[in-house]
Amino acid sequence: MPLILAIESSCDETAVAILRGEPGRPAEVLASEIASQIDLHRAYGGVVPELASRNHSLHLRPLIERALETAGVGIREIDVFGATSGPGLASSLLIGSTAAKALAAATGKPFVAVNHLEGHLLSPFVDRGEIPPHLALVVSGGHTLLLDVAGAGHYRRIGSTRDDAAGEAFDKVAKMLGLPYPGGPEIEQTAAAGNPTAFDFPRSMLKEANFDFSFSGLKTAVLYTLTDRDPDHGTPQPADLPDLCASFQQAVVDVLLAKTLRAAADLGRETVALSGGVSLNAVLRNAFREGCQSSGRQLILAKPQLCTDNAAMIGFAGLHHHFKGHHAPLDTGIDPNLPLALG
Ligand code: KG4
Ligand code: ZN
């Protein structure tokens, strides 16, 4: 069974994973190492590209060594090397991609270039292997995508966000509320003590006859609520914070769930899969569990450790390229705006 070593470095997590797998069978994740840079970037309220790439360079070699040790394999036993080639920050992508290509060149093994979105998209299936026809919602910091998936490599875009991604909306609203970066987990935690119906925030594009999303109106509605109360500074009242977080979170969840279920019904898909950093949110996961159960659909969730950026999902998608013989030449570049290959 082939062994892949995969590297993810598209944003602020440096990650290396080693997986073993064969077509249609669950993949065995032998190692999945992550060096998070969140603490480093928190001081700046967001990701600083120069800092991110410098830290990828620092962390990559020890992570590769640790992954090999954890997996109990030598570098020469690896059959294929993979890396995220986009979308993401150019200077960050370059570090992981160059390292994986160098390892492939040095060992004479093939290289696979993986789209970060395909990594998220396939992450719910790592321990299942088989990719059944399904409707997929990918919700991350950079993307909100509804896709009709016929099988691995066969994707049709059904809808996406017209402005902010869902995770971006969480991060921006958290900043407005004075909560630290990244905002998603902070909002979820603060919302736990709040009332989701306290503020009547808009459910944008819910009634429109398409499967696109928009979150900038919701973000502005939160801002107006703040400036109505404190015209000079828009500073939230501490007592309002849980209610603001819970009401904002509920508005995002309602739209994501309603549009996904409607798309699944329209396309006749019995299975729904949810992935990406925002899919770690327990309110979203529970809403999808209930929504799918009551509409008679099977829900497949990515495991929590596979929701936010990691290299195991890149390795799993990379294995599928390897199974099909889709190796990339060693002069393959990175692309910060790499689109997901559809068809
Ligand atoms: O998939 P990911 O790690 O990176 C991208 O590819 O963008 O997603 C990161 C995003 C961030 O916007 C973060 O705030 C959000 O996922 N996120 C969450 C939660 N955990 C992470 N959003 C809502 N609730 C959470 N618990
Ligand atoms: Zn991601």
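Residues numbered from 1 in each chain as written. Chains lettered and ligands numbered in written order. Predicted model: local features only at pLDDT ≥ 70, side-chain atom pairs only at ≥ 80, totals over all residues. Heavy atoms only, no water.

(A) Structural view of the nonpolar core. Formed by 46 residues in total, the largest nonpolar core has its most connected members in L177, F201, F248, L256 and F288. Put simply, the parts of the chain that give this core at least two residues each are β6 (134-139), α5 (166-176), α6 (183-191), α7 (216-229), α8 (241-267), β9 (271-275), α9 (282-294) and β10 (298-301). Among the elements that line this core, the one with the most residues is α8, at 14 residues. For F288, the residues in contact, after removing those within four places along its chain, are L137, L256, L257, T260, V272, L274 and L299. Within the second largest apolar cluster, 33 residues are counted, among which are L122, I131, L147 and A312. (Core = buried A, V, L, I, M, F, W, Y, C linked by side-chain atoms within 4.5 Å. Buried < 20%, exposed > 50% of the residue type's maximum accessible area, 1.4 Å probe, protein only. Helix = DSSP H or I, 4+ residues; strand = E, 2+ residues; numbered from the N terminus. Contact = heavy atoms within 4.5 Å.)

(B) Local environment of the packing of aromatic side chains. Per the stated rule, a full pass over the model turns up three aromatic pairs. Seen in terms of ring centroids, F170 and F248 are 5.1 Å apart; in terms of plane orientation they differ by 80 degrees. Their pairing is edge-to-face. Separated by 78 residues along the polypeptide, F170 in helix α5 and F248 in helix α8 bring together distant segments of the chain. Between F199 and F201, the aromatic rings sit 5.7 Å apart at their centres with planes inclined by 10 degrees, giving stacked as the arrangement. Considered together, F199 and F201 belong to a single accessibility category, that of buried residues. (Phe/Tyr/Trp six-rings, centres within 6.5 Å; stacked < 30°, edge-to-face > 60°.)

(C) Here's a closer look at the packing of α6 against α8. As a packed pair, α6 and α8 sit with axes 7 Å apart at the nearest point and diverge in direction by 115 degrees. Crossing handedness for the pair α6 and α8: left-handed. Contacts from I187, E188, T190 and A191 of α6 reach α8 at L241, P242, C245, A246, F248 and Q249. Within the contact of α6 with α8, the residues separate by chemical class into seven nonpolar, two polar and one charged. (Axes fitted to C-alpha atoms, helices over the stretch in contact; angles between N-to-C directions. Left-handed = near helix turned anticlockwise from the far one by under 90°. Nonpolar A, V, L, I, M, F, W, Y, C, P; charged D, E, K, R; others polar.)

(D) Focus on the sheet that holds strand β4 (residues 80-86). Spatial strand order, β3-β2-β1-β4-β5: five strands in an open sheet with mixed pairing. Whereas interior strands pair on both sides, the edge strands pair on one side only; in this sheet they are β3 (28-36) and β5 (111-115). Geometrically, the sheet is characterised by an average inter-axis angle of 20 degrees between neighbouring strands, direction not taken into account. Bridge count for strand β1 (residues 3-8) against strand β2 (residues 13-20) is six bridges, and the pairing is antiparallel. (Pairing = 2+ DSSP bridges.)

(E) How the structure looks around the domain arrangement of the protein chain. Taken domain by domain, the protein chain comprises domain 1 (3-125 + 306-323) and domain 2 (134-302). The C-alpha-based centres of domain 1 and domain 2 are spaced at 27 Å. Each side of the interface is counted separately: domain 1 has 19 residues, and domain 2 has 26 residues. With both chains or domains summed, domain 1 and domain 2 bury close to 1,700 Å², and 76% of this area falls on carbon and sulfur atoms. Summed over the shared surface of domain 1 and domain 2, the number is zero salt bridges. (Domains from an automatic or database assignment. Buried area = accessible area lost by both parts, 1.4 Å probe. Salt bridge = Lys/Arg side-chain N within 4 Å of Asp/Glu carboxyl O.)

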